[in-house]
Amino acid sequence: MTGILATNITSPIGLTTAANFEAVRRGEVSQKNLAGFRGLPVNICAGCFTEEQRAALRVPGFSWLESLEIRSVQEALSHCDVDPASPRTLFVLSTTLGNVDELSASPETDGDFRNYGESARKVARHLGIVTEPVIVCNACVSGVTAQLLADRLIASGRYDHAIVCGADSLSPFIVAVFTSFQSLSPTVCRPFDIERLGLNLGEAASTVILGKSSGAGTWRILDGSLDNDSYHVSAPDPTGDGVRRVIEKVVAGRDVSDLATVCVHGTGTMFNDEMESKAIAAAGLSGVPVSSYKAYFGHTMGACGLLETVLALYALDQGVILPAGGYEEIGVSGRIDISPAERPTGKRTLLKIVSGFGGCNGAAVYGKEIPGQARNDGEGQPRYDRDWQVVRRLRIRSGKGEMDGKDLVVELDGQEVAVEGEGQEMLTALYKARLGDNPRYFKMDPFSRLTYLGVGLLLKDIKVEPTKVGILLFNGTGSILADRKHLATFTGDAGFYPSPAVCINTLPNVVVGEIAARYRVKGETTFLILPERNEAMMAEITASTMAVQGPFTMVTGWVDCPEPDVFEADLQVITTK
Amino acid sequence: MEELINNLKLQIIDALNLEGMTPEDIGNDDPLFGEGLGLDSIDALELIVILDKFYGIKLANASEGKEVFKSVATIADYVAKHRTK
């Protein structure tokens, strides 16, 4: 069973886990009122570091985001004797937007921009890590997805340790995204409160070092579950059904009265908090005290799934449940146990839940070791047998150079598909001929169109119980085309008119949510970025994902679109034998 | 008013990427959400951007827009009364 060997939180109110705990206890908050944030015509309230803090933390030669990642990982490593340079140490980075603050609307003016994979690799090498990094880019669920991914790969026997870091920074880019969604609170957010007005953005990094070797008294990841609510790309299923299912899966067989706290996502938006309260109540956890932290840090995106888990576990070690920040009067319909006051606890089990754009939800349960109940992982042996088969396969390739004498290839189940046109035109023609089922297709960026078409072609005839179908995609360049298009709506002479339809596709996993909603996919949906296509690593992750699902069907593979007419999708449907 | 309605239709078709549609395809009183054009919550936010960008109208939130965004005719009516550019 995987244990948490060391942790860090690097936030505006503290540079260690302990310092953050103390700061929260003193009532400190990361949020500040920022009038005209970096030249934008908006006034926001957001968690951010001061100029002095930024200068002190900046690592020469690295972006601000990379500096946060490095500081957080180094501080965590100082608390344990894990060797980052071991070939059996994995690096997982959880980030929703990566270095987007360095990106510009055109490749000519990018300066030092490093995309997800290049950036993660540079950070890894600086830290002495020799293995290839995996980047989890699964919107707000990323921090929990990253921990579960690492847990599975350690359990598989491939790695002994994993350094799991979550980080996102505050940028005009993300401020423009959330301004266009009209989901920002003008004051410090008030999750679950009757007067809540929305969320605050925040910036932070948080790290957990995971490993098998750990003594008694170490927090363990006891179980985890991910799913999709199959409802809408940006709005959560108002019934909370997706969250309820992941909670029920991880608390099954446990006495819920042992749960010290449920550490919630609690963003402070009307929709999230209402949905989450319903899920908690429906799962029978109305009596479990809630830990709600967004009022102290803002929504730290790729970091929050780690940061909030780390803080809640530390608080349990101190025997307390921290006050629910910003909360005074209940403003949600699901019955939950939430308090503005600190409460004592002697219990030692934590439930973390998260939800994010793209319809994804996650839950993980942590506990202190209970003798005699440890999982038998085997020693150094892969725990997972390859017990699935490939049932469908799709290949779309354009502008990547000739293969078998052709530059454009569309192959379904080994048969060449006749297509019209080239590049994006060809994709749209194929969409109209074969799918034609979703007007939103035309609102998508080139990468999302490719992904929707590719996965849709494979899923449309598959008839399986929705909770037994999932999606696991690997990619190299994220949503770079949508990112540049978004930047063009508020930089230069463009004024400030960020488009919600463009913004939504700056999270590359959002198209997976679109697919999940259209094709009723309610199982685990995960979007990962690798520095380059790496079949061995993709196979390891695919195996470890299939192994924890039970009978399962999954669309998996590589899908990448660095330029509108340069793209590749190499996807397959696999199913348990 | 006719010109305003036609411009609105063009702006909506362009901003919402309504593939293959022309202003003639959208009736002035057709419902935009639900049945009708089948727009959703993200499209509603996009309509708010159109009002701001082309007509200088700032709608505070999508729920305020609910009445305004019933049809192209209701939008045109609102724009005619509140436009600042």
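Reading the values: rules and limits
Residue numbers here run from 1 along each chain, matching the order of that chain's written sequence. All chains are assigned letters beginning with A, and all ligands numbers beginning with 1, in the order in which they are written. Reporting in this predicted model follows two pLDDT cut-offs: at least 70 for local features of residues, and 80 or more for side-chain atom pairs to be given and counted; totals over whole chains, interfaces and linings ignore these cut-offs and use all residues. The basis for every side-chain value is the complete set of heavy atoms in the structure, and neither hydrogens nor water enter the calculation. Secondary structure elements are defined from DSSP: runs of H or I of at least 4 residues count as helices, runs of E of at least 2 residues count as strands, and each element is numbered from the N terminus. Only protein chains enter the area calculation, which uses a 1.4 Å probe; residues under 20% of their type maximum are buried, those over 50% are exposed, and those in between are partly exposed. In what follows, a contact means two residues having at least one pair of non-hydrogen atoms within 4.5 Å. To measure how exposed things are, a 1.4 Å probe is used in the Shrake-Rupley method; for residues, cover is taken only from the protein chains shown. His residues and chain termini do not enter the charge count, which takes Lys and Arg as positive and Asp and Glu as negative. For this purpose, a charge sits on NZ of Lys, CZ of Arg, CG of Asp or CD of Glu. Two strands qualify as a pair provided DSSP detects at least 2 bridges between them. The patches described consist of residues with a relative accessible area above 30% and no salt bridge, like charges being joined within 9 Å and nonpolar side chains (Val, Leu, Ile, Met, Phe, Trp, Tyr) within 5 Å. We count a salt bridge whenever a side-chain nitrogen from Lys or Arg sits within 4 Å of a carboxyl oxygen from Asp or Glu. Per-residue confidence from the predictor is reported as pLDDT, which spans 0 to 100. Angles run from 0 to 180 degrees between N-to-C directions of axes, and those axes are lines fitted to C-alpha atoms, restricted for helices to the stretch in contact. Left-handed describes a crossing in which the near helix is turned anticlockwise from the far one by less than a right angle; the clockwise case is right-handed. Amino acid classes used here: Ala, Val, Leu, Ile, Met, Phe, Trp, Tyr, Cys and Pro are nonpolar; Asp, Glu, Lys and Arg are charged; the rest, including Gly, are polar. The domain boundaries here were taken from an automatic or database domain assignment. The term buried area means the drop in 1.4 Å probe accessible area that two parts suffer when joined, counted for both and summed. A 3.5 Å cut-off defines polar contacts: any pair of N or O atoms within that distance qualifies, except that in protein one atom must be a possible hydrogen donor and the other a possible acceptor, and neighbouring residues in sequence count only when both atoms are side-chain atoms. To qualify as a nonpolar core, a set must consist of buried Ala, Val, Leu, Ile, Met, Phe, Trp, Tyr and Cys residues joined through side-chain atoms within 4.5 Å.

## Things to note about the overall build of chain A
Regarding its fold elements, chain A presents 16 helices and 21 strands. Seen through its principal axes, chain A has C-alpha atoms that stretch 70 × 60 × 50 Å. A total of 577 residues make up chain A; the buried ones form 65% of that total. Within chain A, residue pairs in contact and separated by at least 24 positions form 76% of the contacts whose partners lie at least 6 positions apart. Roughly 19400 Å² of accessible area belongs to chain A as shown, and the carbon and sulfur atoms make up 50% of that amount. Measuring between centres, the 54 positive side-chain charges of chain A sit 4 Å from its 69 negative side-chain charges.

## Quick word on the pairing of strand 19 (residues 525–529) of chain A
Residue and element names in this part refer to chain A. Most of strand 19 sits inside the fold, with five of its five residues counted as buried. Burial along strand 19 is two-sided: the face carrying T525, F527 and I529 and the face carrying T526 and L528 are both buried. Relative to strand 19, strand 5 (residues 134–136) runs antiparallel, the two sharing two bridges. Opposite I135, over in strand 19, you have I529 as the bridge partner. Of the pairings in the sheet, the one linking strand 18 (residues 469–475) to strand 19 comprises five bridges and is parallel in character.

## Here we look at a negative patch on the surface
A grouping of E402, D407, E422, E425, E563 and D565 of chain A is seen on the molecular surface, where their side chains present a negatively charged patch. Mapped onto the elements, D565 of chain A comes out in the loop between strand 20 (553–563) and strand 21 (566–576).

## Considerations on the confidence of the model for chain A
One rule of thumb: low pLDDT means the predicted coordinates there are not for detailed reading. In this model, chain A carries an average pLDDT of 94, and 97% of its residues clear a pLDDT of 70 or more. Counted against residues more than four places away or in other chains, residues 372–382 of chain A, with its pLDDT under 50, gives 18 contacts.

## Topic: the side chain of T309 of chain A
All names here are of chain A. Of note, T309 is situated in helix 10 (residues 304–317). For T309, a relative accessible area of 1% puts it in the buried group. Among all residues touching T309, those that are not within four sequence positions of it are Q147, C304, L350, K352 and Y366.

## Topic: the confidence of the model for chain B
The share of residues in chain B with pLDDT of 70 or more is 98%, and the mean pLDDT across the chain is 89. Within chain B, the element-level pLDDT minimum falls on helix 3 (residues 65–68) of chain B, averaging 86, and the maximum on helix 4 (residues 72–82) of chain B, averaging 95.

## A look at the packing of helix 3 (residues 64–77) of chain A against helix 4 (residues 116–126) of chain A
Residues and elements named next belong to chain A. Close contact between helix 3 and helix 4 brings their axes to 10 Å; oriented N to C, the two are set at 35°. At the point where helix 3 passes helix 4, the crossing takes the right-handed sense. Residues E66, E69, I70 and Q74 of helix 3 form the contact with helix 4, whose own contacting residues are S119, V123 and H126. Taken together, the residues that form the contact of helix 3 with helix 4 break down as two nonpolar, three polar and two charged.

## Focus: the domain arrangement of chain A
All names here are of chain A. Here chain A is partitioned into domain 1 (3–368) and domain 2 (388–576). Each of domain 1 and domain 2 has a C-alpha centre, and these two points are 26 Å apart. On the domain 2 side, the residues contacting the 53 residues of domain 1 number 47 residues. Together domain 1 and domain 2 conceal approximately 4100 Å² of surface at their shared face, both sides included; 64% is due to carbon and sulfur atoms. The tally of links between domain 1 and domain 2 comes to four salt bridges. A salt bridge links R158 to E540; its shortest N-O distance comes to 3.1 Å. It is helix 6 (residues 172–180) that provides the largest number of residues to the side of domain 1 that touches domain 2, a total of six residues. Its residues assigned to classes, the side of domain 1 that touches domain 2 comprises 30 nonpolar, 14 polar and nine charged.

## Side note on the pairing of strand 18 of chain A
Put simply, side chains in a regular strand alternate between the two faces of the sheet. Residues and elements named next belong to chain A. Of all seven residues that make up strand 18, seven are buried, and the element is covered over most of its length. Residues V469, I471, L473 and N475 of strand 18 are buried on one face, and the alternating residues G470, L472 and F474, pointing to the opposite face, are buried as well. Where strand 18 meets strand 20, six bridges bridge the pair, whose relative direction is parallel. Among the inter-strand pairings, I471 is bridged to a residue of strand 20, identified as V555.

## A short note on the interface of chain A and chain B
Between chain A and chain B, the contact holds 16 residues from the first and 20 residues from the second. For the interface between chain A and chain B, the tally reads three salt bridges. Salt-bridge contacts for D43 of chain B lead to K443 of chain A; the nearest nitrogen and oxygen are separated by 3.0 Å. For the pair chain A and chain B, the interface holds seven residue pairs in polar contact (both at pLDDT 80 or more). The residue inventory of the side of chain A that touches chain B, partitioned by class, reads eight nonpolar, five polar and three charged.

## Observations regarding the nonpolar core
Buried together is how nonpolar side chains tend to be arranged in soluble globular proteins. Residue and element names in this part refer to chain A. Within the largest apolar cluster, 121 residues are counted, with the highest numbers of intra-cluster contacts made by F91, L170, L201, I396, Y452 and L459. No other element matches the eight residues that helix 12 (residues 446–459) contributes to this core. Mapped onto the domain boundaries, this core takes at least three residues apiece from domain 1 (3–368) and domain 2 (388–576). Other than its neighbours up to four places away in sequence, L201 contacts C45, A46, G47, L170, I174, V175, F178, L184, F297, G298, H299 and M301. Core analysis: the next-biggest nonpolar cluster, separate from the first, contains 63 residues, A150, A162, V164 and L350 among them.

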